[in-house]
Amino acid sequence: MTRRPNASGRTEGREERGVAATFNLDFSTSYQLTEKLSVTFEAINLTDEVEHQTFDRLELPTLYHHTGRNFLIGARYNF
């Protein structure tokens, strides 16, 4: 059975979702200060990429995510 597109160009029952390709660069490092204490540093999305989600074969944009760059610092202490 061949499905025909409706008036909006979509084929009923076949709605596809996708995400446009991106290049994301993350960085993570940790350092052991003492036997019991370590610190960590993470940098997420250094390239400041955005994420475009599309809908259906017409690739209609539905969501636009822009989280920006994120920097995280942490510490771990073992008792």
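The structure under discussion appears in the preceding block.
Residues numbered from 1 in each chain as written. Predicted model: local features only at pLDDT ≥ 70, side-chain atom pairs only at ≥ 80, totals over all residues. Heavy atoms only, no water.

K.L.:
Describe the pairing of strand E6 (residues 70-77), listing the residues and the values that go with them.
P.N.:
Counting buried positions along E6 yields zero of eight residues, so the element is predominantly exposed. Where strand E3 (residues 37-44) meets E6, eight bridges bridge the pair, whose relative direction is antiparallel. Bridge pairing links Thr40 to Gly74 in E6. (Buried < 20%, exposed > 50% of the residue type's maximum accessible area, 1.4 Å probe, protein only. Helix = DSSP H or I, 4+ residues; strand = E, 2+ residues; numbered from the N terminus. Pairing = 2+ DSSP bridges.)

K.L.:
Tell me about the pairing of strand E2 (residues 27-32), residues and numbers included.
P.N.:
The element E2 is largely exposed, with a buried count of zero among its six residues. Where E2 hands over to E3, the hairpin turn is made up of four residues, counted between the paired strands.

K.L.:
Mind laying out the environment of Asn70, listing which residues take part and the relevant values?
P.N.:
Within the fold, Asn70 resides in strand E6. Looking at Asn70, the relative accessible area reads 30%, which means it is partly exposed. Between the C-alpha atom of Asn70 and that of Asp26, which follows or precedes it by 44 residues, the distance is 9.4 Å. Not counting chain neighbours up to four residues away, the residues in contact with Asn70 comprise Glu42, Ala43 and Ile44. (Contact = heavy atoms within 4.5 Å.)

K.L.:
Tell me about the packing of aromatic side chains, and name the residues and values.
P.N.:
Each aromatic ring pair is summarised here by two numbers: the centre-to-centre distance and the angle between the ring planes. Applying the stated criterion across every chain yields a total of three aromatic pairs. With a centroid separation of 6.4 Å and 20 degrees between ring planes, the pair formed by Phe41 and Phe71 is classed as stacked. Of the two residues, Phe41 sits in strand E3 while Phe71 sits in strand E6, which places them 30 residues apart along the sequence. Judged by centre distance (5.2 Å) and plane angle (75 degrees), the ring pair of Tyr77 and Phe79 falls under edge-to-face. Judged by its relative accessible area of 47%, Tyr77 is partly exposed. For Phe79, a relative accessible area of 89% puts it in the exposed group. Here the aromatic cluster, defined as three or more aromatic residues joined through ring pairs, consists of Phe27, Phe41 and Phe71. (Phe/Tyr/Trp six-rings, centres within 6.5 Å; stacked < 30°, edge-to-face > 60°.)

K.L.:
Before we move on, can you summarise the pattern of salt bridges with the specific residues and values?
P.N.:
In the structure shown here, the tally under the stated rule is one salt bridge. Close ionic contact of Asp48 with Arg69 constitutes a salt bridge, the shortest N to O distance being 3.9 Å. Taken together, the residues span a long stretch of sequence, with Asp48 in the loop between E3 and strand E4 (51-55) and Arg69 in the loop between strand E5 (60-65) and E6 at a distance of 21 residues. For Asp48, a relative accessible area of 28% puts it in the partly exposed group. A relative accessible area of 45% means that Arg69 is categorised as partly exposed. (Salt bridge = Lys/Arg side-chain N within 4 Å of Asp/Glu carboxyl O.)

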